[in-house]
Amino acid sequence: MNTPPKAELHVHIEGTLEPEMVFALARRNDIALPHESVADLRAKYEFADLQSFLDIYYANMAVLRTAADFRDLAAAYLDRCAAHGVRHAEIFFDPQAHLKRGVAMETVIGGLCAALDDSEVSASLILCFLRDESAESAAEALRLAEPFLDRIVGVGLDSAEVGHPPSKFTEVFRRAHELGLRAVAHAGEEGPPEYVREALDLLGVQRIDHGIRALEDPELVERLRREQIPLTVCPLSNVRLGAFAELGHHTLPRLLEHGLLVTVNSDDPAYFGGYADENFDAVRRELGLTPEQLRTLAANSFRASFLDEDGKAAFL
Ligand code: ADE
Ligand code: ZN
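First things first, this report covers the structure right here in the doc.

Reading the values: the criteria
Residues numbered from 1 in each chain as written. Chains lettered and ligands numbered in written order. Predicted model: local features only at pLDDT ≥ 70, side-chain atom pairs only at ≥ 80, totals over all residues. Heavy atoms only, no water. Buried < 20%, exposed > 50% of the residue type's maximum accessible area, 1.4 Å probe, protein only. Helix = DSSP H or I, 4+ residues; strand = E, 2+ residues; numbered from the N terminus. Pairing = 2+ DSSP bridges. 1 Å grid on protein atoms, 1.4 Å probe; cavity = no way out; pocket = protein on both sides within 12 Å on 5 of 7 lines; lining within 4 Å. Points joined across faces, edges and corners; volume = space filled by probe spheres on them. Nonpolar A, V, L, I, M, F, W, Y, C, P; charged D, E, K, R; others polar.

With that out of the way, let us pick up the pairing of strand 1 (residues 6-12). Regular strands place side chains that alternate from one sheet face to the opposite one. Of all 7 residues making up strand 1, 7 are buried, and the element is well covered by its neighbours. The pairing of strand 1 with strand 2 (residues 86-93) spans 5 bridges and is parallel. Each residue of the ladder has a partner; that of E8, found in strand 2, is A89.

Enumeration over the complete set of coordinates arrives at 2 cavities of 30 Å³ or more. Estimated volume of the largest cavity: approximately 100 Å³. H12, L50, L54, H186 and D268 are, among the 15 residues lining the largest cavity, the residues nearest its centre. For the lining of the largest cavity, the leading source of residues is helix 3 (residues 50-60), giving 5 residues. A per-class count over the lining of the largest cavity returns 6 nonpolar, 4 polar and 5 charged. Roughly 40 Å³ of volume is contained in the second largest cavity. Lining the second largest cavity are E8, Y77, R80, C81, H84, V86, Y275, A276 and D277. If you list the elements that add at least two residues to the lining of the second largest cavity, you get helix 4 (67-83) and helix 14 (276-287). At 3 residues, helix 4 tops the list of elements feeding residues into the lining of the second largest cavity.

Listed below in structure tokens is the structure:
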């Protein structure tokens, strides 16, 4: 089915690295892989939880070495957007994962921007800090990104959530706000509702990525509704990482019924079985969402974006 035009607000560019591209880039960069074939690699994509996914996600990134690699990765994602009704994308990237392998910030951002500049899809970048690294490492990443701030719309917070509360990153988010950047954070994916509150109150984020565990806290749900804080929900990701046993159990309909500003996104589509349109199709099929609810989700994606009011009006 054709879903309506939409924006994608929660996609990690490194999570769009398809197994075929892992092999192609490994060949191009003369890197030996510990997998026999594309099928062998894909067979390893059975995840018990977030950490078991992150282990493979970071390992596969070893093939991304040059600006051309980052360009080709982003170009492939944007081509898919163009073909599947995603008109605007706010794309996460994880510079600390590349810096620690000796890949320069300029290589990463330069490569990604070459693809963005060449695409008919409207797109911007969100620099994510790895919450399982130190606050000092995050501050250093932001410092290294300062020459490229005209190419970055905001900062985010991702990687292993439990045990790494938003409060650890108060200072670097304060600096990001000072620099005029927007802010988002993964919270309530595996971590408790308290992390969602901290992201709002201590980091000053304008959107919550995932946020599914907010439902455990009625007062928090009421606040998210009252303040219309967007939640960038990723249905196929939540199933593949074990938050729900099957898509039919996903709480997306409850979030909508509470009047929350929910969007549907792919997170790491090369790993979780589908891009944005496939997530839309899956929730329509498995959760019985009405055409009206699907239109609301698509409109929410533009409303929750960091486009200016004219930009939103052009899409809505
Ligand atoms: N990095 C890439 N995908 C992620 C996810 N789903 N949660 C946290 N960090 C991530
Ligand atoms: Zn994510």
